[in-house]
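Read off the chains here:
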Amino acid sequence: MKLLQGAQIIIAVMLMVSILLQSRGAGLSGVFGGSDNVFRTKRGIERSLFLATIVLAVLFLAVSTINVLY
């Protein structure tokens, strides 16, 4: 039980950090001085961060559901 709660807290903190690292609509190129007025796909670190956010959200949902059931 304590292990699930600890995992839930760690995943929640990691999820918050991954969400906060994503720039709103501009992508990371705007942070580093690139032009942000051209539509483009996510590449490199942006894509990895986006996928990590999805994985962390699914993990958080799974751990939370297991924690409620037990």
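Residues numbered from 1 in each chain as written. Predicted model: local features only at pLDDT ≥ 70, side-chain atom pairs only at ≥ 80, totals over all residues. Heavy atoms only, no water.

## Thoughts on a nonpolar patch on the surface
Together, I9, V13, M16, V17 and L21 make up an exposed nonpolar region whose accessible area comes to about 470 Å². Positionally, L21 belongs in helix α1 (residues 2–21). (Patch = residues over 30% accessible without salt bridge, like charges linked within 9 Å, V, L, I, M, F, W, Y side chains within 5 Å. Areas by Shrake-Rupley, 256 points an atom, 1.4 Å probe, with all protein chains shown as cover. Salt bridge = Lys/Arg side-chain N within 4 Å of Asp/Glu carboxyl O. Helix = DSSP H or I, 4+ residues; strand = E, 2+ residues; numbered from the N terminus.)

## Digging into α1
Between its terminal C-alpha atoms α1 stretches 29 Å, which fits the 28 Å expected from 20 residues at 1.5 Å a residue. Along its buried surface, α1 packs onto α3 (45–69). (Expected span 1.5 Å × (residues − 1). Contact = heavy atoms within 4.5 Å.)

## A closer look at the environment of F60
Following the sequence through the fold, F60 ends up in helix α3. The exposure class assigned to F60 is partly exposed, which follows from its relative accessible area of 28%. Residues F60 and A7, 53 residues apart in the sequence, show an inter-C-alpha distance of 8.7 Å. (Buried < 20%, exposed > 50% of the residue type's maximum accessible area, 1.4 Å probe, protein only.)

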